[in-house]
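Take a look at the letters that make up each chain.
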Amino acid sequence: MFYVLAPYPLCVTTMLLPNPGFGDSEALTDEVEIKRAMDGTIRSYVKTKNDRRKLQWTFSLARNKSLELRAFIQAYFASRIKVVDHNGVTWIGHFVNNPFEFELKEKAAPAIAPMPRGEIAAITIEFEGVKNA
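Conventions adopted
Residues numbered from 1 in each chain as written. Predicted model: local features only at pLDDT ≥ 70, side-chain atom pairs only at ≥ 80, totals over all residues. Heavy atoms only, no water. Helix = DSSP H or I, 4+ residues; strand = E, 2+ residues; numbered from the N terminus. Buried < 20%, exposed > 50% of the residue type's maximum accessible area, 1.4 Å probe, protein only. Contact = heavy atoms within 4.5 Å. Salt bridge = Lys/Arg side-chain N within 4 Å of Asp/Glu carboxyl O. Patch = residues over 30% accessible without salt bridge, like charges linked within 9 Å, V, L, I, M, F, W, Y side chains within 5 Å. Areas by Shrake-Rupley, 256 points an atom, 1.4 Å probe, with all protein chains shown as cover. Phe/Tyr/Trp six-rings, centres within 6.5 Å; stacked < 30°, edge-to-face > 60°.

**Student:** Describe the environment of His86, with residues and values.
**Tutor:** Within the fold, His86 resides in the loop between strand 7 (81-84) and strand 8 (90-95). Given a relative accessible area of 28%, His86 falls into the partly exposed group. Taking C-alpha positions, His86 is 16 Å from Ile123, a pair spaced 37 residues apart along the chain. Setting aside residues up to four positions removed in sequence, His86 forms contacts with Met1, Phe2, Asn19, Pro20, Asp24 and Trp57.

Below, the structure is given as structure tokens:
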């Protein structure tokens, strides 16, 4: 399971998500800057960002879960968020996406009261944060 808690550190709201699809990624946020002096010498500088990582997950969610995620994002977009991913690693950081785009993958079938059936939405979430020990 995938846990998203907000606002960190008080964590008032907890949301459970299914495991993300294949192809999730983790990358450093460091930057390399190349400078050239007037005499032609080249120097490179590496800007580190305190072990921050950029993570990307793609979820396929049923309609009700996608509406729940949308409400969570609207409520806590600007807050620090704690994420416990499907690998059991805890991250503290912020969502980076703007805007969040839900893409409908499957259309709905006739409902069985009170739940709609069959509608599947996909969303890719980008998250930037540090690993919490």
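**Student:** Any chance you could break down the pattern of salt bridges for me, citing the residues and the numbers?
**Tutor:** A full pass over the atoms with the stated rule returns six salt bridges. The shortest N-O distance in the salt bridge between Glu128 and Arg52 comes to 2.8 Å. With Glu128 in strand 12 (residues 120-132) and Arg52 in the loop between strand 5 (42-47) and strand 6 (53-62), the pair connects residues that are 76 residues apart, well separated along the chain. Looking at Arg52, the relative accessible area reads 33%, which means it is partly exposed. Put simply, Glu119 and Arg63 hold a salt bridge, and the shortest N to O gap is 3.4 Å. Placement of the pair is Glu119 in the loop between strand 11 (115-117) and strand 12 and Arg63 in helix 1 (residues 63-76), with a sequence separation of 56 residues.

**Student:** Can you lay out a nonpolar patch on the surface for me, pointing to particular residues and giving the numbers?
**Tutor:** A grouping of Val32, Ile34, Ile42 and Val46 is seen on the molecular surface, where their side chains present a nonpolar patch of about 420 Å² in accessible area. Mapping Ile34 onto the fold places it in strand 4 (residues 31-36).

**Student:** So what about the packing of aromatic side chains? Which residues, and what values?
**Tutor:** Under the counting rule described, the total for this entry stands at seven aromatic pairs. For the ring pair Phe95 and Phe100, a centre distance of 5.7 Å and an interplane angle of 85° mean the geometry is edge-to-face. Phe100 matches Phe95 in its accessibility class, with the two residues each being buried. A centroid spacing of 6.2 Å and a plane angle of 75° characterise the contact between Phe95 and Phe127, whose relative ring orientation is edge-to-face. Of this pair, Phe95 sits in strand 8 while Phe127 sits in strand 12, placing them 32 residues apart in sequence. Of the two residues examined, Phe95 and Phe127, each falls in the buried class. In this structure an aromatic cluster arises from ring pairing among Phe2, Trp57, Phe59, Phe77, Phe95, Phe100 and Phe127.

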